[in-house]
Amino acid sequence: MKKIMPIIGTFAFAGTVPLAEPNQAPVHHGSALISPQLIEAIPGWHKYGELFLYLQTHWIKTIFLIVLIAVPTVFLIHYLIIGPKIFSHHGRKFLVFPNWQRIIHWIAAAGFILLVPTGIMIIYAKFFGGGTPVRFARYLHDIGAVLFGIAVIPMFLMWLKDMLPRLWDIKWFMILGGYLSKEKKEIPADKFNAGQKMWYWLATLGGMIMIITGVMMYFQDFDIALLKNLNLYHIDLLRLAVIVHLLLAIIVVAFFFTHLYMSLFAIKGSLQSMIDGCKSEDELKHLHSIFYKRIIKEGKDKELAEKCEK
Ligand code: HEM
């Protein structure tokens, strides 16, 4: 019962949660936050501080573990029962992702490949034995964040127009993109389908929030006068940053696994489009029917096909 209380009534519960491990406050040499007496003297410490620690030490690890196991399991079942969508790659191909978009995408991907496993190592530091391997994971996590940080704004801008919601996205959601059946039929989607749009918004806006909260944790010792006027303290802000970072990480990782499953397994040959930029006519006709009809109508098909001829 106690465990579900933080979800039911955060505020009512605050202050009664037992500390799992005492003094988990951030320690940063040269920081005013270093002294436990100072931290405990901060108003609100016994309220939200303990609640945050409770969430951090109990819930986050459990929910993360569920995501790490459940999401790949669901996709394994999907693969075994429904299987991948297979499209002919013999006909024409059209350029969908120009060089520069692919470069930006792969910088973001490289960042994520560093961020996800190292983030997991940091969360389960005890399980991984702590010490040097986890410290090393933290350095790699920071490097991953910088790589992702370089790509996130260009990625946001380059696909913004194509990712705006459209009415046919509702139809896509109603049939779940056709992924629950083996049948090959025309799916309502322009260049990106509604699922891809969801991933885009989460990866870019969510990614920016991850960067901001990550930077707050990295620099810990910041001082913002305005926050003090609002009766907010460093420590409150740090707690908030940690919780937002971790809760968002759970959602982003679940979607990242989905993105990997879609790109590597659910649609045979999809990865190739992020390597050479081209998609087959058969795939576009079915999975991006609105896009396909549009390029034909606007007479752009020949030009896009020429760019994919070797
Ligand atoms: C190893 C990691 C990754 C692989 C293998 C991968 C693969 C792909 C592929 C094949 C596509 C084209 C899909 C299609 O249109 O058929 C794609 C698109 C895209 N990727 Fe990735 N990607 C990876 C990581 C990432 C990361 C880390 C981000 C964002 C931070 C990202 C964001 C996107 C977005 C927004 C698109 C366009 C929408 C979509 O297709 O979902 N990708 N990726």
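Everything numeric here is computed off the predicted structure, so don't read it as measured data.

Here is what the cut-offs are and how they apply
Residues numbered from 1 in each chain as written. Predicted model: local features only at pLDDT ≥ 70, side-chain atom pairs only at ≥ 80, totals over all residues. Helix = DSSP H or I, 4+ residues; strand = E, 2+ residues; numbered from the N terminus. Expected span 1.5 Å × (residues − 1). Buried ≥ 20, exposed ≤ 12 C-beta atoms within 10 Å, placed from the backbone. Contact = placed C-beta atoms within 7 Å. Arc of directions from axis to C-beta. Near = placed C-beta within 6 Å. Nonpolar A, V, L, I, M, F, W, Y, C, P; charged D, E, K, R; others polar. Core = buried A, V, L, I, M, F, W, Y, C linked by C-beta atoms within 7 Å. Axes fitted to C-alpha atoms, helices over the stretch in contact; angles between N-to-C directions. Parallel < 35°, antiparallel > 145°, perpendicular 65-115°, else oblique. Left-handed = near helix turned anticlockwise from the far one by under 90°.

Looking now at helix α5 (residues 99-123). Helix length check: α5, at 25 residues, gives a terminal C-alpha distance of 36 Å against a target of 36 Å (1.5 Å per residue), a fit within 8%. Along α5, the positions that sit buried rather than exposed are Ile 104, Ala 108, Gly 111, Phe 112, Leu 114, Leu 115, Thr 118, Gly 119 and Met 121. For α5, the secondary structure elements touched by its buried residues are α6 (131-163) and α10 (234-266).

Take helix α13 (residues 289-297) next. Among the residues of α13, those classed as buried are Phe 291, Tyr 292 and Ile 295. End-on view of α13: buried residues confined to an arc of 100 degrees, all on one side of the axis. Those residues of α13 that are buried are in contact with β1 (93-95), α12 (281-287) and α14 (301-306). A positive backbone phi angle near 70 degrees is found at Gly 299, which sits one or two residues after α13.

A few words now on the site of the ligand. Of all residues adjacent to the ligand, which total 19 residues, the nearest are Ala 109, Phe 112, Gln 196, Ala 203 and Ser 263. Among the residues forming the shell around the ligand, the class breakdown is twelve nonpolar, seven polar and no charged.

Our next topic: the environment of Leu 202. In this structure, Leu 202 sits in helix α8 (residues 194-219). A tally of 17 C-beta atoms within 10 Å means that Leu 202 is categorised as partly exposed.

The next subject is the nonpolar core. Core analysis: the biggest nonpolar cluster contains 25 residues, and Ala 108, Phe 148, Ala 151 and Met 155 have the highest contact counts within it. Among the elements that make up this core, the one with the highest residue count is α10 (eight residues). In this structure, Phe 148 is in contact with Ala 108, Gly 111, Phe 112, Leu 115 and Gly 207, ignoring residues within four places of it in sequence. Of all hydrophobic cores here, the second largest spans twelve residues; its members include Phe 94, Ala 189, Leu 287 and Ile 295.

With that settled, the discussion passes to the environment of Leu 248. With respect to the secondary-structure elements, Leu 248 resides in helix α10. Along the sequence, Leu 248 and Gly 206 sit 42 residues apart, while their C-alpha atoms lie 7.0 Å from each other. Every residue in contact with Leu 248, bar those within four places of it in the chain, is listed here: Gly 206, Ile 209 and Met 210.

Their axes nearest at 7 Å, the elements α5 and α6 cross at an angle of 150 degrees. In terms of their interaxial angle, α5 and α6 are classed as roughly antiparallel. Regarding α5 and α6, the two cross each other, and that crossing is left-handed.

A word on the packing of α6 against α8. Two numbers describe how α6 lies on α8: the axes approach to 9 Å, and their chain directions differ by 145 degrees. Crossing of α6 against α8: the hand is left-handed. Together, Ala 145, Phe 148, Gly 149, Val 152, Met 155, Phe 156, Trp 159 and Met 163 of α6 and Lys 197, Tyr 200, Trp 201, Thr 204, Gly 207, Met 208, Ile 211 and Gly 214 of α8 make up the contact between the two elements. A per-class count over the contact of α6 with α8 returns eleven nonpolar, four polar and one charged.

Read these as spatial facts, not as claims about activity.
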